[in-house]
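# What the coordinates show
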Amino acid sequence: MNLILLDPNDLNGDGCALITDPRRLMHLRDVHRASPGDLLTVGVQGGEMGKARLTELTVEHARFSLETLNEPPPPPLPVHLVLALPRPRMLARTLEHVTALGVKEITLLHTKRVEKSYWQSPELREDKIHQHLLLGLEQARDTQMPNVTLSKGFRPFLEQQLPDLLNHRRGLVAHPGMPNACPRDIQDPTLLLVGPEGGFIAWEVEQLLAAGCEGMHLGPRILRVETAVTALLSRLF
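Below is a summary of the structure that appears in this document. (Residues numbered from 1 in each chain as written. Predicted model: local features only at pLDDT ≥ 70, side-chain atom pairs only at ≥ 80, totals over all residues. Heavy atoms only, no water.)

## Re the overall build of the chain
Quick reminder of the rule: What counts as a helix is a DSSP run of H or I of at least four residues, what counts as a strand is a run of E of at least two, and both are numbered from the N terminus. Here the term buried applies to any residue with accessible area under 20% of the maximum for its type, exposed to any over 50%, and partly exposed to those in between, with areas from a 1.4 Å probe on protein chains only. Note on contacts: a residue pair is in contact if any heavy atoms of the two residues lie within 4.5 Å. Note on areas: these come from Shrake-Rupley sampling with a 1.4 Å probe, and a residue is covered only by the protein chains present in the view.
Each helix and strand in the chain was counted, giving six helices and 11 strands. Each principal axis of the C-alpha distribution contributes one length, and for the chain these read about 60 × 35 × 35 Å. Buried residues in the chain amount to 46% of all 237 residues. Contacts in the chain between residues far apart in sequence, at least 24 positions, make up 70% of those at least 6 positions apart. Carbon together with sulfur atoms contributes 49% to the accessible area of the chain, which is approximately 12000 Å² in total.

## Some words on the sheet that holds strand β11 (residues 214–216)
In plain terms, the rule: Strand pairing is assigned whenever DSSP identifies at least 2 bridges connecting the two strands. Whenever a helix is involved, its axis is fitted only over the stretch in contact; in every case the axis is a line through C-alpha atoms, and angles between N-to-C directions fall within 0 to 180 degrees.
The six strands are arranged β8-β7-β6-β10-β9-β11 in an open sheet whose pairing can be described as parallel. Of all the strands in the sheet, just β8 (147–151) and β11 have a single pairing partner and so form its edges. Ignoring which end each strand starts from, the neighbouring axes of this sheet average 20 degrees apart. In this structure, strand β7 (residues 105–109) lies alongside β8, joined through five bridges in parallel fashion. Bridge pairing in β8 links Glu-105 to Asn-147. The strands that helix α4 (residues 154–166) touches are β6 (79–84), β7, β8, β9 (170–174) and β10 (190–194); relative to β10, the one it contacts most, it runs at about 155 degrees.

## Some details on the pattern of salt bridges
Operational definition: A carboxyl oxygen of Asp or Glu within 4 Å of a side-chain nitrogen of Lys or Arg is what we treat as a salt bridge.
One pass over the full model with this rule turns up 12 salt bridges. A salt bridge links Arg-23 to Glu-138, with the shortest nitrogen-to-oxygen separation between them at 2.8 Å. Linking Arg-23 in helix α1 (residues 22–30) with Glu-138 in helix α3 (residues 126–140), this pair joins segments that are 115 residues apart in sequence. Glu-138 gets classed as buried once you look at its relative accessible area, which sits at 2%. Residue Arg-93 pairs with Glu-226 through a salt bridge whose shortest N-O separation is 2.8 Å. Here the residue Arg-93 occupies a position in helix α2 (residues 88–101), and Glu-226 occupies one in helix α6 (residues 225–236), the gap between them amounting to 133 residues.

## Structural notes on the sheet that holds strand β5 (residues 62–71)
With mixed pairing, five strands are arranged side by side in an open sheet as β1-β3-β4-β5-β2. Looking at which strands have only one partner, the edges of the open sheet turn out to be β1 (4–6) and β2 (16–19). Averaged over all adjacent pairs, the angle separating strand axes in this sheet is 40 degrees, with direction ignored. The pairing of strand β3 (residues 39–44) with strand β4 (residues 49–57) spans five bridges and is classified as antiparallel. Looking at the pairing, Val-42 lines up with Gly-50 of β4.

## Details of the side chain of Gln-45
Counting through the fold element by element, Gln-45 comes out in the loop between β3 and β4. The exposure class of Gln-45 is buried, given its relative accessible area of 18%. Beyond its immediate stretch of four places on either side in the chain, Gln-45 contacts Leu-5, Leu-6, Asp-7, Pro-8, His-130, Leu-134, Thr-143 and Met-145.

## With respect to the environment of Val-103
Tracing the backbone shows Val-103 in the loop between α2 and β7. Once you skip the residues sitting within four places of it in the chain, Val-103 turns out to touch Leu-77, Val-79, Leu-81, Val-98, Pro-146 and Leu-233.

## Structural notes on the pairing of β5
Where a strand is regular, its side chains alternate between the two sheet faces. The pairing of β2 with β5 spans four bridges and is antiparallel. Counted as the bridge partner of Cys-16 is Ser-65 from β5. Here β4 folds back onto β5, and the loop between the two strands holds four residues.

## Quick notes on unusual backbone geometry
Of note, the phi angle at Arg-141 is positive, near 60 degrees, even though the residue is not glycine. Relative to the helices and strands, Arg-141 is located in the loop between α3 and β8. The class of Arg-141 is partly exposed, set by a relative accessible area of 40%. Non-glycine residue Asp-185 carries a positive phi angle of around 50 degrees.

## A look at the side chain of Ser-151
Topologically, Ser-151 is positioned in strand β8. Judged by its relative accessible area of 4%, Ser-151 is buried. Residue contacts for Ser-151: discarding those within four places in its chain leaves Thr-107, Leu-108, Leu-109, His-110, Trp-119, Phe-157 and Gln-161.

Laid out in structure tokens, this is it:
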């Protein structure tokens, strides 16, 4: 936790903040080894970052006195990530990684090679997704929560959502065997589509290309989804 991320509900009207959840308290005690008087980096979800002095720490709560909150969060990446729903454990790690890298719009998509059972996973509960996003923000010292949407049908996504997503965005489909390599250091607003383990099926790739997306590859190596997404974002932006 490189940032003590405060929920707006943690704040009161006298320039103080109070946190009571066990996860953050344990991190303060066991990782930061914080004690009253320490000056720590904090941020408010949806707001700015700065410094706060820890004034009280018990097993039940931590109290802070806010000293400065005038530092903006790092800029987001200009990308909307469409990710074929990975297996649950990989989903958790991927959400944390892409949030830390600055992705603010994420669509989880059903494709032919996505197991239908994945959609029943507890990892897709709103509170679980929120927790993984928080961990990514804390890692990267960011305060702006990503927006995650679920799209459980490929054809409805193709017909109802993709045209709007491609409006004013460059669509890039990452898929092995595409003729063009992944571009580097682009600044364009981008729609990045990444398939599941095993990739998109041929029909899905054809439909995405016909809709106006460009195909690209990362080279001859076949990577796990979480590795591929991180590599793509690092190379593109």
